[in-house]
Amino acid sequence: MFNETADEDLMVMYQKGEVRAFEVLLSRHRKPVYNFILRFVGDKETAEDLLQEAFMRVIKGAEAYKRQAKFTTWLYTIARNLCVDQTRRRKHRKHASLDAPMDSSDESGTLMDVLPGNEMASDRKSVNKQLHETMQRAIASLSDEQREVFLMREFLDMPFKQIADVVGVPENTVKSRMRYALEKLRLELDEYKELAKAAP
Amino acid sequence: MPADDDELEGDDKLTAMRSVWLSMRDEEPSDKGLAALMAAAREKAGAMKDAEAAPSESWWQKVLAVFRRPPVLALASVAILVSGALVIANRSDTMAVDEKAASRAPAPTSAPALDHGAGGQQAGSAALDVAAPGSASPPPSSAAATVPEATTEPRVMSPDKNASDAPAVKPRPAREKAAERRPLADPVKKTEEPPAPPPPPPEPVAEATVKTDAADGRAPATRGPATKPPQTEPTAGGIGATSSAMTDGESMGADVKDKDEATSARQSRVLQLVKQCESAAARGDCAAVKALAARIRTEDASAYRARVVKNASIARCLE
(Lines give C-alpha, C1' and ligand atoms only; values in the text may rest on other atoms or scores of the structure.)
Protein backbone atom coordinates (compact mmCIF):
# COMPACT_ATOMS: atom_id res chain seq x y z
CA MET A 1 0.00 0.00 0.00
CA PHE A 2 2.74 2.49 1.01
CA ASN A 3 5.41 1.30 -1.40
CA GLU A 4 4.28 3.64 -4.15
CA THR A 5 3.72 6.57 -1.86
CA ALA A 6 6.11 9.53 -1.94
CA ASP A 7 8.40 10.12 1.01
CA GLU A 8 6.70 13.39 1.83
CA ASP A 9 3.25 11.80 1.91
CA LEU A 10 4.56 9.00 4.10
CA MET A 11 5.95 11.56 6.50
CA VAL A 12 2.60 13.33 6.64
CA MET A 13 0.91 10.03 7.33
CA TYR A 14 3.37 9.33 10.09
CA GLN A 15 2.55 12.73 11.55
CA LYS A 16 -1.03 11.52 11.76
CA GLY A 17 0.07 8.50 13.77
CA GLU A 18 0.60 5.95 11.01
CA VAL A 19 3.62 3.93 12.21
CA ARG A 20 3.62 1.81 9.08
CA ALA A 21 4.49 4.88 7.02
CA PHE A 22 7.61 5.39 9.07
CA GLU A 23 8.53 1.75 8.64
CA VAL A 24 8.40 2.18 4.88
CA LEU A 25 10.53 5.31 5.09
CA LEU A 26 13.04 3.49 7.23
CA SER A 27 13.27 0.52 4.90
CA ARG A 28 13.58 2.83 1.90
CA HIS A 29 16.36 5.06 3.22
CA ARG A 30 18.20 3.09 5.86
CA LYS A 31 20.71 1.49 3.52
CA PRO A 32 21.63 4.54 1.40
CA VAL A 33 21.93 6.74 4.47
CA TYR A 34 24.07 4.15 6.16
CA ASN A 35 26.41 3.91 3.17
CA PHE A 36 26.63 7.68 2.91
CA ILE A 37 27.61 7.88 6.57
CA LEU A 38 29.98 4.96 6.29
CA ARG A 39 31.81 6.50 3.32
CA PHE A 40 31.91 9.79 5.12
CA VAL A 41 33.26 8.62 8.45
CA GLY A 42 34.90 5.37 7.26
CA ASP A 43 33.93 3.39 10.33
CA LYS A 44 31.12 0.83 10.46
CA GLU A 45 30.36 1.11 14.14
CA THR A 46 30.30 4.88 14.08
CA ALA A 47 28.19 4.73 10.92
CA GLU A 48 25.60 2.52 12.61
CA ASP A 49 25.45 4.78 15.63
CA LEU A 50 25.06 7.81 13.44
CA LEU A 51 22.40 6.08 11.35
CA GLN A 52 20.45 5.33 14.52
CA GLU A 53 20.83 8.90 15.67
CA ALA A 54 19.77 10.28 12.29
CA PHE A 55 16.48 8.38 12.28
CA MET A 56 15.94 9.21 15.94
CA ARG A 57 16.13 12.87 14.99
CA VAL A 58 13.67 12.27 12.20
CA ILE A 59 11.24 10.81 14.74
CA LYS A 60 11.75 13.68 17.16
CA GLY A 61 11.34 16.29 14.49
CA ALA A 62 8.45 14.63 12.70
CA GLU A 63 5.91 16.99 14.25
CA ALA A 64 7.67 20.03 12.81
CA TYR A 65 8.07 18.57 9.32
CA LYS A 66 6.32 20.53 6.58
CA ARG A 67 5.00 18.86 3.47
CA GLN A 68 6.73 21.43 1.24
CA ALA A 69 10.20 20.25 2.28
CA LYS A 70 11.77 17.38 0.39
CA PHE A 71 12.16 14.48 2.79
CA THR A 72 15.52 13.29 1.45
CA THR A 73 16.95 16.80 1.72
CA TRP A 74 15.89 16.90 5.34
CA LEU A 75 17.14 13.39 6.08
CA TYR A 76 20.54 13.88 4.45
CA THR A 77 20.95 17.25 6.11
CA ILE A 78 20.56 15.50 9.46
CA ALA A 79 22.95 12.72 8.44
CA ARG A 80 25.49 15.12 7.02
CA ASN A 81 25.44 17.30 10.16
CA LEU A 82 26.01 14.25 12.31
CA CYS A 83 28.94 13.21 10.11
CA VAL A 84 30.49 16.67 10.23
CA ASP A 85 30.14 16.76 14.02
CA GLN A 86 31.69 13.31 14.22
CA THR A 87 34.67 14.17 12.03
CA ARG A 88 35.26 17.35 14.02
CA ARG A 89 35.31 15.36 17.22
CA ARG A 90 37.64 12.83 15.66
CA LYS A 91 40.08 15.50 14.56
CA HIS A 92 40.81 16.24 18.19
CA ARG A 93 41.89 12.66 18.73
CA LYS A 94 45.09 11.01 17.62
CA HIS A 95 45.24 9.98 13.99
CA ALA A 96 44.63 6.30 13.30
CA SER A 97 47.64 4.09 13.36
CA LEU A 98 48.48 2.20 10.26
CA ASP A 99 48.62 -0.95 12.37
CA ALA A 100 45.29 -0.37 14.03
CA PRO A 101 42.34 -2.44 12.80
CA MET A 102 40.08 -0.58 10.37
CA ASP A 103 37.04 -1.52 12.41
CA SER A 104 36.32 -3.39 15.59
CA SER A 105 35.78 -6.82 14.02
CA ASP A 106 38.65 -9.26 14.25
CA GLU A 107 38.38 -10.17 10.58
CA SER A 108 39.08 -6.68 9.34
CA GLY A 109 42.54 -5.92 8.16
CA THR A 110 44.78 -2.98 8.86
CA LEU A 111 45.41 0.05 6.68
CA MET A 112 48.84 -1.44 5.97
CA ASP A 113 47.15 -4.50 4.51
CA VAL A 114 45.18 -2.49 1.99
CA LEU A 115 47.98 -0.24 0.86
CA PRO A 116 48.87 -1.12 -2.69
CA GLY A 117 51.78 -3.42 -3.09
CA ASN A 118 54.34 -3.22 -5.85
CA GLU A 119 53.33 -6.39 -7.61
CA MET A 120 50.20 -6.42 -9.80
CA ALA A 121 47.15 -8.29 -8.55
CA SER A 122 47.07 -11.73 -10.01
CA ASP A 123 43.35 -12.11 -10.50
CA ARG A 124 40.35 -9.91 -11.18
CA LYS A 125 39.00 -10.24 -7.67
CA SER A 126 42.12 -8.99 -6.09
CA VAL A 127 42.28 -6.16 -8.62
CA ASN A 128 38.78 -5.10 -7.70
CA LYS A 129 39.54 -5.30 -4.03
CA GLN A 130 42.67 -3.27 -4.47
CA LEU A 131 40.86 -0.70 -6.52
CA HIS A 132 38.05 -0.37 -4.04
CA GLU A 133 40.39 0.02 -1.19
CA THR A 134 42.37 2.60 -3.08
CA MET A 135 39.16 4.33 -3.87
CA GLN A 136 38.20 4.33 -0.20
CA ARG A 137 41.46 5.92 0.71
CA ALA A 138 41.19 8.47 -2.04
CA ILE A 139 37.73 9.46 -0.86
CA ALA A 140 38.97 9.64 2.70
CA SER A 141 41.74 11.98 1.57
CA LEU A 142 39.23 14.53 0.35
CA SER A 143 38.34 17.42 2.60
CA ASP A 144 35.01 17.12 4.43
CA GLU A 145 33.38 19.68 2.13
CA GLN A 146 34.60 17.95 -1.01
CA ARG A 147 33.80 14.49 0.30
CA GLU A 148 30.20 15.20 1.23
CA VAL A 149 29.54 16.76 -2.14
CA PHE A 150 31.24 13.92 -3.96
CA LEU A 151 29.34 11.23 -2.02
CA MET A 152 25.96 12.84 -2.53
CA ARG A 153 26.61 13.46 -6.20
CA GLU A 154 28.21 10.21 -7.21
CA PHE A 155 26.65 7.69 -4.86
CA LEU A 156 23.23 9.17 -4.18
CA ASP A 157 22.73 10.80 -7.60
CA MET A 158 21.57 14.01 -6.03
CA PRO A 159 21.19 17.11 -8.22
CA PHE A 160 23.54 19.97 -7.41
CA LYS A 161 20.61 22.05 -6.23
CA GLN A 162 19.60 19.51 -3.62
CA ILE A 163 23.20 19.09 -2.50
CA ALA A 164 23.39 22.84 -2.10
CA ASP A 165 20.26 22.72 0.06
CA VAL A 166 21.67 19.93 2.22
CA VAL A 167 25.07 21.51 2.65
CA GLY A 168 23.70 25.04 2.93
CA VAL A 169 25.94 26.69 0.35
CA PRO A 170 25.25 28.12 -3.11
CA GLU A 171 24.94 25.72 -5.99
CA ASN A 172 28.05 27.12 -7.68
CA THR A 173 30.07 26.44 -4.56
CA VAL A 174 28.88 22.86 -4.66
CA LYS A 175 29.95 22.54 -8.29
CA SER A 176 33.31 24.04 -7.49
CA ARG A 177 33.83 21.63 -4.63
CA MET A 178 32.84 18.75 -6.88
CA ARG A 179 35.36 19.83 -9.50
CA TYR A 180 38.15 20.03 -6.93
CA ALA A 181 37.17 16.64 -5.51
CA LEU A 182 37.32 15.01 -8.94
CA GLU A 183 40.66 16.63 -9.69
CA LYS A 184 42.06 15.32 -6.47
CA LEU A 185 40.67 11.85 -7.04
CA ARG A 186 42.13 11.84 -10.53
CA LEU A 187 45.56 12.60 -9.16
CA GLU A 188 45.17 10.03 -6.42
CA LEU A 189 44.02 7.33 -8.80
CA ASP A 190 46.25 8.19 -11.72
CA GLU A 191 48.71 5.44 -11.04
CA TYR A 192 45.85 2.95 -10.92
CA LYS A 193 44.18 3.90 -14.18
CA GLU A 194 45.39 0.72 -15.78
CA LEU A 195 43.81 -1.20 -12.94
CA ALA A 196 40.66 0.80 -13.37
CA LYS A 197 40.56 -0.10 -17.06
CA ALA A 198 40.99 -3.73 -16.17
CA ALA A 199 38.25 -3.63 -13.59
CA PRO A 200 34.81 -4.88 -14.64
CA MET B 1 23.99 10.55 -13.17
CA PRO B 2 21.62 13.46 -12.57
CA ALA B 3 20.52 15.42 -15.58
CA ASP B 4 22.02 18.72 -14.40
CA ASP B 5 25.58 17.46 -14.76
CA ASP B 6 27.96 20.02 -16.23
CA GLU B 7 31.42 20.08 -17.75
CA LEU B 8 32.56 17.46 -15.28
CA GLU B 9 31.10 14.92 -17.64
CA GLY B 10 32.65 13.75 -20.87
CA ASP B 11 36.04 12.91 -19.47
CA ASP B 12 37.34 9.40 -20.30
CA LYS B 13 39.54 9.28 -17.24
CA LEU B 14 36.63 10.32 -15.11
CA THR B 15 34.39 7.70 -16.68
CA ALA B 16 36.93 5.03 -15.88
CA MET B 17 37.19 6.28 -12.33
CA ARG B 18 33.46 6.41 -11.98
CA SER B 19 33.18 2.82 -13.06
CA VAL B 20 35.40 1.95 -10.13
CA TRP B 21 33.39 3.68 -7.42
CA LEU B 22 30.10 2.68 -8.96
CA SER B 23 31.20 -0.92 -8.74
CA MET B 24 31.71 -0.51 -5.02
CA ARG B 25 29.11 -2.50 -3.19
CA ASP B 26 26.70 -0.86 -0.80
CA GLU B 27 26.88 -2.42 2.60
CA GLU B 28 23.86 -3.50 4.59
CA PRO B 29 23.49 -1.91 8.00
CA SER B 30 23.06 -4.27 10.91
CA ASP B 31 19.73 -4.50 12.69
CA LYS B 32 21.32 -3.21 15.85
CA GLY B 33 19.10 -0.55 17.35
CA LEU B 34 16.31 -1.13 14.86
CA ALA B 35 13.89 -2.30 17.55
CA ALA B 36 14.64 0.72 19.72
CA LEU B 37 14.11 2.95 16.73
CA MET B 38 10.73 1.43 15.96
CA ALA B 39 9.67 1.65 19.61
CA ALA B 40 10.52 5.35 19.62
CA ALA B 41 8.65 5.77 16.34
CA ARG B 42 5.52 4.12 17.77
CA GLU B 43 5.64 6.24 20.89
CA LYS B 44 5.99 9.41 18.88
CA ALA B 45 3.22 8.36 16.50
CA GLY B 46 0.89 7.87 19.46
CA ALA B 47 1.78 11.28 20.85
CA MET B 48 1.23 12.95 17.48
CA LYS B 49 -2.11 11.18 17.07
CA ASP B 50 -3.25 12.42 20.48
CA ALA B 51 -2.11 15.92 19.66
CA GLU B 52 -4.08 15.86 16.43
CA ALA B 53 -7.17 14.52 18.17
CA ALA B 54 -7.01 17.31 20.75
CA PRO B 55 -9.21 20.32 19.93
CA SER B 56 -7.40 22.89 17.92
CA GLU B 57 -6.96 26.43 19.13
CA SER B 58 -9.79 28.82 18.49
CA TRP B 59 -9.23 31.77 16.19
CA TRP B 60 -8.82 34.24 19.01
CA GLN B 61 -6.18 32.06 20.63
CA LYS B 62 -4.31 32.01 17.36
CA VAL B 63 -4.60 35.78 17.04
CA LEU B 64 -3.39 36.18 20.61
CA ALA B 65 -0.46 33.90 19.88
CA VAL B 66 0.41 35.99 16.84
CA PHE B 67 0.26 39.21 18.86
CA ARG B 68 2.51 37.74 21.50
CA ARG B 69 5.36 37.46 19.03
CA PRO B 70 8.07 40.06 19.63
CA PRO B 71 8.08 41.48 16.09
CA VAL B 72 4.32 42.06 16.21
CA LEU B 73 4.60 43.66 19.63
CA ALA B 74 7.35 45.92 18.39
CA LEU B 75 5.30 46.86 15.33
CA ALA B 76 2.26 47.59 17.49
CA SER B 77 4.33 49.80 19.79
CA VAL B 78 5.70 51.76 16.87
CA ALA B 79 2.22 52.12 15.36
CA ILE B 80 0.82 53.41 18.66
CA LEU B 81 3.63 55.91 19.05
CA VAL B 82 3.28 57.18 15.50
CA SER B 83 -0.50 57.47 15.68
CA GLY B 84 -0.24 59.23 19.04
CA ALA B 85 2.20 61.72 17.60
CA LEU B 86 -0.12 62.30 14.64
CA VAL B 87 -3.13 62.84 16.91
CA ILE B 88 -1.22 65.29 19.07
CA ALA B 89 0.05 67.13 16.00
CA ASN B 90 -3.47 67.34 14.55
CA ARG B 91 -4.86 68.58 17.84
CA SER B 92 -2.28 71.31 18.16
CA ASP B 93 -2.94 72.34 14.55
CA THR B 94 -6.67 72.48 15.22
CA MET B 95 -6.12 74.47 18.38
CA ALA B 96 -3.91 76.92 16.57
CA VAL B 97 -6.53 77.34 13.85
CA ASP B 98 -9.23 77.76 16.48
CA GLU B 99 -7.20 80.38 18.23
CA LYS B 100 -6.69 82.25 14.99
CA ALA B 101 -10.36 81.99 14.12
CA ALA B 102 -11.36 83.11 17.57
CA SER B 103 -9.04 86.05 17.40
CA ARG B 104 -10.49 87.10 14.05
CA ALA B 105 -14.16 86.38 14.59
CA PRO B 106 -16.28 88.55 16.85
CA ALA B 107 -16.79 87.23 20.34
CA PRO B 108 -19.57 84.68 20.40
CA THR B 109 -22.68 85.77 22.16
CA SER B 110 -24.36 82.69 23.39
CA ALA B 111 -28.08 82.78 23.83
CA PRO B 112 -28.05 81.02 27.21
CA ALA B 113 -25.98 83.87 28.49
CA LEU B 114 -29.04 85.99 28.13
CA ASP B 115 -30.76 84.18 30.95
CA HIS B 116 -31.58 86.69 33.54
CA GLY B 117 -30.43 86.38 37.06
CA ALA B 118 -28.39 88.34 39.47
CA GLY B 119 -25.09 87.30 38.01
CA GLY B 120 -26.62 86.07 34.81
CA GLN B 121 -27.51 89.56 33.80
CA GLN B 122 -23.96 90.62 34.03
CA ALA B 123 -22.84 87.63 32.11
CA GLY B 124 -25.54 88.24 29.59
CA SER B 125 -24.60 91.80 29.14
CA ALA B 126 -21.03 90.81 28.75
CA ALA B 127 -21.99 88.35 26.12
CA LEU B 128 -24.24 90.76 24.34
CA ASP B 129 -21.73 93.51 24.19
CA VAL B 130 -19.71 92.68 21.20
CA ALA B 131 -16.98 95.15 20.95
CA ALA B 132 -15.96 96.83 17.83
CA PRO B 133 -12.61 95.73 16.52
CA GLY B 134 -9.96 97.43 18.44
CA SER B 135 -12.09 98.41 21.38
CA ALA B 136 -10.77 97.03 24.55
CA SER B 137 -12.19 96.91 27.95
CA PRO B 138 -11.36 94.66 30.84
CA PRO B 139 -14.52 93.11 32.24
CA PRO B 140 -14.94 94.35 35.73
CA SER B 141 -17.30 91.61 36.77
CA SER B 142 -17.05 87.89 37.12
CA ALA B 143 -18.30 87.52 33.59
CA ALA B 144 -14.74 88.05 32.54
CA ALA B 145 -14.01 84.55 33.57
CA THR B 146 -16.39 83.26 30.95
CA VAL B 147 -14.46 84.89 28.18
CA PRO B 148 -11.80 82.58 26.87
CA GLU B 149 -8.36 84.04 27.00
CA ALA B 150 -7.66 82.85 23.53
CA THR B 151 -10.26 85.27 22.25
CA THR B 152 -8.15 88.25 21.57
CA GLU B 153 -11.17 90.20 20.47
CA PRO B 154 -11.87 92.35 23.44
CA ARG B 155 -15.32 92.79 24.82
CA VAL B 156 -16.92 95.75 26.33
CA MET B 157 -18.54 95.18 29.63
CA SER B 158 -21.01 97.54 30.96
CA PRO B 159 -20.83 97.99 34.67
CA ASP B 160 -24.54 98.56 34.61
CA LYS B 161 -26.53 95.49 35.57
CA ASN B 162 -29.27 96.42 33.17
CA ALA B 163 -26.92 96.65 30.34
CA SER B 164 -28.58 93.79 28.55
CA ASP B 165 -31.69 95.89 28.21
CA ALA B 166 -29.93 99.11 27.55
CA PRO B 167 -27.25 98.30 25.03
CA ALA B 168 -23.90 99.57 26.03
CA VAL B 169 -22.86 99.92 22.46
CA LYS B 170 -25.09 102.76 21.58
CA PRO B 171 -22.29 105.22 21.03
CA ARG B 172 -20.58 102.74 18.79
CA PRO B 173 -21.68 104.14 15.41
CA ALA B 174 -20.33 107.51 16.33
CA ARG B 175 -17.18 105.91 17.51
CA GLU B 176 -16.78 103.96 14.33
CA LYS B 177 -17.50 106.97 12.23
CA ALA B 178 -14.86 108.79 14.13
CA ALA B 179 -12.49 105.93 13.58
CA GLU B 180 -13.19 106.05 9.89
CA ARG B 181 -12.81 109.81 9.71
CA ARG B 182 -9.51 110.27 11.40
CA PRO B 183 -6.47 108.38 12.49
CA LEU B 184 -6.38 107.74 16.15
CA ALA B 185 -3.99 108.02 18.95
CA ASP B 186 -1.58 105.38 19.99
CA PRO B 187 -3.57 102.80 21.95
CA VAL B 188 -0.82 102.37 24.43
CA LYS B 189 -0.94 106.01 25.16
CA LYS B 190 -4.69 105.98 25.15
CA THR B 191 -4.93 103.60 28.00
CA GLU B 192 -2.74 105.78 30.06
CA GLU B 193 -4.10 109.11 29.10
CA PRO B 194 -7.42 110.57 30.08
CA PRO B 195 -10.02 110.56 27.32
CA ALA B 196 -9.98 114.34 27.04
CA PRO B 197 -6.57 114.99 25.47
CA PRO B 198 -6.58 115.87 21.84
CA PRO B 199 -5.57 113.17 19.44
CA PRO B 200 -1.96 113.12 18.43
CA PRO B 201 -0.93 113.85 14.89
CA PRO B 202 -1.82 111.30 12.20
CA GLU B 203 -0.36 107.92 12.83
CA PRO B 204 0.29 104.81 10.81
CA VAL B 205 -2.43 102.71 9.32
CA ALA B 206 -1.41 99.71 11.33
CA GLU B 207 -2.74 101.46 14.35
CA ALA B 208 -6.04 102.44 12.84
CA THR B 209 -7.86 99.32 13.80
CA VAL B 210 -7.14 99.80 17.43
CA LYS B 211 -7.94 103.40 17.51
CA THR B 212 -11.65 103.09 17.23
CA ASP B 213 -11.99 103.66 20.93
CA ALA B 214 -10.74 107.14 20.65
CA ALA B 215 -14.22 108.48 20.32
CA ASP B 216 -15.63 105.99 22.70
CA GLY B 217 -17.24 107.57 25.64
CA ARG B 218 -16.08 104.91 28.01
CA ALA B 219 -13.82 105.67 30.83
CA PRO B 220 -10.28 104.67 30.16
CA ALA B 221 -10.22 102.96 33.48
CA THR B 222 -12.39 100.23 32.04
CA ARG B 223 -9.79 99.37 29.53
CA GLY B 224 -6.75 97.38 30.27
CA PRO B 225 -3.75 96.60 28.23
CA ALA B 226 -4.23 92.94 28.96
CA THR B 227 -7.43 92.75 26.97
CA LYS B 228 -6.10 94.43 23.94
CA PRO B 229 -5.50 92.31 20.93
CA PRO B 230 -1.87 91.45 20.54
CA GLN B 231 -1.66 92.80 17.03
CA THR B 232 -2.84 96.16 18.27
CA GLU B 233 -0.18 96.54 20.90
CA PRO B 234 2.89 97.60 19.08
CA THR B 235 5.66 99.17 21.04
CA ALA B 236 5.73 102.90 21.15
CA GLY B 237 9.10 103.02 19.47
CA GLY B 238 8.00 100.82 16.64
CA ILE B 239 4.90 102.83 16.04
CA GLY B 240 6.80 106.01 16.04
CA ALA B 241 9.29 104.67 13.55
CA THR B 242 6.56 103.42 11.26
CA SER B 243 4.62 106.59 11.67
CA SER B 244 7.46 108.81 10.70
CA ALA B 245 8.16 106.69 7.64
CA MET B 246 4.66 106.94 6.29
CA THR B 247 3.67 109.33 3.58
CA ASP B 248 0.34 111.07 3.28
CA GLY B 249 -0.71 108.91 0.34
CA GLU B 250 -0.10 105.77 2.25
CA SER B 251 -2.06 107.12 5.15
CA MET B 252 -5.03 107.85 2.92
CA GLY B 253 -4.92 104.39 1.38
CA ALA B 254 -4.81 102.90 4.83
CA ASP B 255 -7.81 104.95 5.82
CA VAL B 256 -9.85 103.55 2.94
CA LYS B 257 -8.77 100.06 3.79
CA ASP B 258 -9.64 100.62 7.40
CA LYS B 259 -13.05 101.88 6.40
CA ASP B 260 -13.74 98.76 4.37
CA GLU B 261 -12.66 96.56 7.21
CA ALA B 262 -14.85 98.38 9.68
CA THR B 263 -17.85 98.09 7.36
CA SER B 264 -17.41 94.40 6.78
CA ALA B 265 -16.91 93.82 10.49
CA ARG B 266 -20.08 95.70 11.27
CA GLN B 267 -22.02 93.72 8.68
CA SER B 268 -20.87 90.42 10.06
CA ARG B 269 -21.66 91.59 13.57
CA VAL B 270 -25.14 92.64 12.56
CA LEU B 271 -25.64 89.33 10.78
CA GLN B 272 -24.69 87.48 13.90
CA LEU B 273 -26.96 89.60 16.03
CA VAL B 274 -29.84 88.90 13.66
CA LYS B 275 -29.22 85.19 13.93
CA GLN B 276 -29.11 85.37 17.70
CA CYS B 277 -32.27 87.38 17.67
CA GLU B 278 -33.99 84.80 15.50
CA SER B 279 -32.92 81.95 17.71
CA ALA B 280 -34.00 83.85 20.84
CA ALA B 281 -37.38 84.51 19.23
CA ALA B 282 -37.68 80.85 18.35
CA ARG B 283 -37.01 80.02 21.97
CA GLY B 284 -39.52 82.58 23.09
CA ASP B 285 -36.98 84.66 24.99
CA CYS B 286 -38.56 88.01 24.24
CA ALA B 287 -36.32 89.98 26.58
CA ALA B 288 -33.28 88.89 24.67
CA VAL B 289 -35.06 89.52 21.40
CA LYS B 290 -35.80 93.09 22.45
CA ALA B 291 -32.26 93.72 23.53
CA LEU B 292 -30.83 92.27 20.37
CA ALA B 293 -33.33 94.05 18.16
CA ALA B 294 -32.38 97.33 19.77
CA ARG B 295 -28.76 96.65 19.07
CA ILE B 296 -29.44 95.66 15.49
CA ARG B 297 -31.43 98.83 14.94
CA THR B 298 -28.57 100.82 16.35
CA GLU B 299 -25.99 99.06 14.29
CA ASP B 300 -27.80 98.85 11.00
CA ALA B 301 -31.28 100.27 10.55
CA SER B 302 -31.71 98.78 7.10
CA ALA B 303 -30.90 95.29 8.36
CA TYR B 304 -33.33 95.90 11.18
CA ARG B 305 -36.11 96.75 8.75
CA ALA B 306 -35.25 93.96 6.36
CA ARG B 307 -34.71 91.08 8.72
CA VAL B 308 -36.01 91.89 12.17
CA VAL B 309 -39.27 93.63 11.56
CA LYS B 310 -40.28 91.25 8.83
CA ASN B 311 -39.59 88.18 10.93
CA ALA B 312 -42.93 87.10 12.38
CA SER B 313 -41.60 85.47 15.53
CA ILE B 314 -39.39 88.45 16.32
CA ALA B 315 -42.18 90.83 15.58
CA ARG B 316 -44.41 89.00 18.06
CA CYS B 317 -41.86 89.59 20.78
CA LEU B 318 -41.42 93.20 19.90
CA GLU B 319 -45.13 93.94 20.00
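Residues numbered from 1 in each chain as written. Chains lettered and ligands numbered in written order. Predicted model: local features only at pLDDT ≥ 70, side-chain atom pairs only at ≥ 80, totals over all residues. Heavy atoms only, no water.

1. Digging into the nonpolar core
In this structure, Tyr 14, Phe 22, Ile 37, Met 135, Phe 150 and Leu 185 of chain A together with Trp 21 of chain B are the most contacted members of the largest nonpolar core, which totals 70 residues. Counting residues per element, this core draws most heavily on helix 2 (residues 19-41) of chain A, which supplies 13 residues. In terms of domain composition, this core takes at least three residues from each of domain 1 (1-97) and domain 2 (116-200) of chain A. In terms of nonpolar packing, the next biggest core, distinct from the first, is built from 16 residues, Ala 281, Val 289, Ile 296 and Tyr 304 of chain B among them. (Core = buried A, V, L, I, M, F, W, Y, C linked by side-chain atoms within 4.5 Å. Buried < 20%, exposed > 50% of the residue type's maximum accessible area, 1.4 Å probe, protein only. Helix = DSSP H or I, 4+ residues; strand = E, 2+ residues; numbered from the N terminus. Domains from an automatic or database assignment.)

2. Some words on the pattern of salt bridges
Inspection of the entire model under this criterion finds 19 salt bridges over all chains. Between Glu 63 of chain A and Lys 44 of chain B there is a salt bridge; the shortest N-O distance is 3.1 Å. One end of the pair, Glu 63 of chain A, is in the loop between helix 3 (44-60) and helix 4 (71-91); the other, Lys 44 of chain B, is in helix 2 (residues 34-53), on a second chain. Here Glu 63 of chain A falls in the partly exposed class, since its relative accessible area comes to 47%. Salt bridges sharing common partners tie together Arg 80, Glu 148 and Arg 177 of chain A. (Salt bridge = Lys/Arg side-chain N within 4 Å of Asp/Glu carboxyl O.)

3. Let's talk about the interface of chain B and chain A
Listed by partner, the interface residues are 40 residues for chain B and 49 residues for chain A. Surface buried jointly by chain B and chain A totals about 4100 Å² across both partners, of which 60% is contributed by carbon and sulfur atoms. In this assembly, chain B and chain A are joined by six salt bridges. Looking at the side of chain B that touches chain A, the elements with two or more residues in it are helix 1 (12-22) and helix 2 of chain B. With 13 residues, helix 2 of chain B is the largest single contributor of residues to the side of chain B that touches chain A. (Contact = heavy atoms within 4.5 Å. Buried area = accessible area lost by both parts, 1.4 Å probe.)

4. Notes on the packing of helix 4 of chain A against helix 8 (residues 160-167) of chain A
Residue and element names in this part refer to chain A. Packing of helix 4 against helix 8 leaves a shortest axis separation of 8 Å and a crossing angle of 50°. The orientation of helix 4 relative to helix 8 falls into the category oblique. In the packing of helix 4 onto helix 8, the handedness of the crossing is right-handed. Contacts from Thr 72, Thr 73, Tyr 76, Thr 77 and Arg 80 in helix 4 reach Gln 162, Asp 165, Val 166 and Val 167 in helix 8. Within the contact of helix 4 with helix 8, the residues separate by chemical class into three nonpolar, four polar and two charged. (Axes fitted to C-alpha atoms, helices over the stretch in contact; angles between N-to-C directions. Parallel < 35°, antiparallel > 145°, perpendicular 65-115°, else oblique. Left-handed = near helix turned anticlockwise from the far one by under 90°. Nonpolar A, V, L, I, M, F, W, Y, C, P; charged D, E, K, R; others polar.)

5. Some remarks on the environment of Thr 72 of chain A
Looking at the element boundaries, Thr 72 of chain A is found in helix 4. Sequence separation of Thr 72 of chain A and Val 166 of chain A is 94 residues, and the distance between their C-alpha atoms is 9.1 Å.

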